[in-house]
Every structure is written in structure tokens, then in C-alpha cells.
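Descriptive structure summary
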Amino acid sequence: MGHTYAYRCEHCGYEEHFNQGHGYLVHSQPVKTYLSQQTELFHYKTHGLLKELAKQAENLQMKAGFQVYICPKCKVLRDKIEVTVLNEKKVVHKSEFRCRDCRTRLKLTNIHRLKNATCPKCHKHSFHLDHLKHSLWD
Ligand SMILES: [Zn+2]
Ligand SMILES: [Zn+2]
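Residues numbered from 1 in each chain as written. Chains lettered and ligands numbered in written order. Predicted model: local features only at pLDDT ≥ 70, side-chain atom pairs only at ≥ 80, totals over all residues. Heavy atoms only, no water.

Things to note about the pattern of salt bridges
What the rule picks out here adds up to 6 salt bridges. Taking the shortest distance from any N to any O, the salt bridge between glutamate 96 and arginine 105 comes out at 3.3 Å. By relative accessible area, glutamate 96 is classed as exposed at 51%. Judged by relative accessible area, arginine 105 falls into the partly exposed class, the value being 43%. (Salt bridge = Lys/Arg side-chain N within 4 Å of Asp/Glu carboxyl O. Buried < 20%, exposed > 50% of the residue type's maximum accessible area, 1.4 Å probe, protein only.)

Brief notes about the coordination of the zinc ion (ligand 2)
Around the zinc ion (ligand 2), the protein contributes the donor atoms Cys71 (SG), Cys74 (SG), Cys99 (SG) and Cys102 (SG), which lie 2.1 to 2.4 Å from the metal centre. Geometry at the zinc ion (ligand 2) is tetrahedral, judged from the 4 donor atoms that bind it and their angles of 102 to 114 degrees at the metal. Between consecutive donor residues of the zinc ion (ligand 2), the sequence gaps follow C-x2-C-x24-C-x2-C. Within this pair, whereas cysteine 71 is found in the loop between strand E4 (61-70) and strand E5 (77-87), its partner cysteine 102 is found in the loop between strand E6 (90-94) and strand E7 (107-108), the two being separated by 31 residues in sequence. (Donors = N, O, S within 2.8 Å, 3.2 Å for Na, K, Ca; no water. Tetrahedral: all angles 85-135°; square planar, octahedral: opposite > 155°, others 65-115°. Helix = DSSP H or I, 4+ residues; strand = E, 2+ residues; numbered from the N terminus.)

Details of the coordination of the zinc ion (ligand 1)
Around a metal, the perfect tetrahedron of four donors has angles of 109.5 degrees, and the perfect octahedron of six donors has angles of 90 or 180 degrees. Only Cys9 (SG), Cys12 (SG), Cys119 (SG) and Cys122 (SG) from the protein reach the zinc ion (ligand 1) as donors, at distances of 2.3 to 2.4 Å. The site at the zinc ion (ligand 1) holds 4 donor atoms, and with the angles between them running 107 to 116 degrees, its shape is tetrahedral. Counting the intervening residues between successive donors of the zinc ion (ligand 1) yields the motif C-x2-C-x106-C-x2-C. Here cysteine 122 lies in the loop between E7 and strand E8 (127-137) and cysteine 12 lies in the loop between strand E1 (2-9) and strand E2 (15-21), a separation of 110 residues in the sequence.

Thoughts on the nonpolar core
A general feature of soluble globular proteins is that nonpolar side chains tend to end up buried together. In terms of nonpolar packing, the biggest core is built from 13 residues, with Tyr7, Phe18, Leu77, Ile111, Leu114 and Phe127 touching the most fellow members. Of all the secondary structure elements, the ones that give two or more residues to this core are E1, E4 and E8. Per-element accounting of this core gives the leading share, 3 residues, to E1. If near-sequence neighbours (up to four positions away) are discounted, leucine 114 is found in contact with Tyr7, Ile70, Leu77 and Thr109. Core analysis: the second largest hydrophobic core is formed by 11 residues, Tyr34, Phe42, Leu50 and Ala64 among them. (Core = buried A, V, L, I, M, F, W, Y, C linked by side-chain atoms within 4.5 Å. Contact = heavy atoms within 4.5 Å.)

Laid out in C-alpha cells, this is it:
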């Protein structure tokens, strides 16, 4: 279950959608179950890391879902699949992302509290949440 948020630029009209939440394929499961499936849902580096971690410990659990991140420097939003790997409730791995423009580490953002972001097209600080276009998916 997740949400799709529409953002719209007041200046140039550019629109983009961001996903947040857990969906059909991206949900909590044991790492072994994920690895026994033939589908690679994640970036190949993440996939390789999960394989390595699974060799080191039994019964690892993973949680994955869409999260919305912001670059603290450029204020540009990105949605990413965040993967957390747990060993007996201890976090052994958590995804990290960098901004593709300035390489700053992206921060998780609370999309409900965020007032403005930077428009990826015109780079003005006039990118707003469009409340009318909020939708749910599962
Ligand atoms: Zn714009
Ligand atoms: Zn940046």
C-alpha cells in the first residue's frame, strides 16, 4: 500500500509524481525468499550486497519500499527504493543515495511537511505538492 504524490511547478508547469510506501513486489520478506525468486527488483549493486549478506548470516529480513528523498543542497526531490536489511532487529544495511547533480547524500523527507522544493526543469524554488492529485495504490 502506498501513495503517489503529484508535484507541480508554479513557474513552468512541470509535473512529476513521487511514490511512497510498500507495493506489490516491494515488501518485507526474508532475504532468502527474495534471493530464491528469479526477479531482481533492485539495483544490481544492492542485489549483490544482499547475496553477500545472506552468506554471512541466517534469517535476515529485509524491508523495502518507496521513499521520497531530497537533496539538502539543490532541494530536488527523488523517489527511491529504500532497502533495509535486519538481523534480529538490528539494522545491518540501509540504502544510501546521492544526488546525481552535486553528489550530496540525499535525506529522507516528510513530503507532508515540505513546503517547497526546487523544480528539476526550471530550477526555481516553486515546486509544490498538488493536493488534488494525491492517489493510492496497492
Ligand atoms: Zn519549473
Ligand atoms: Zn544536489
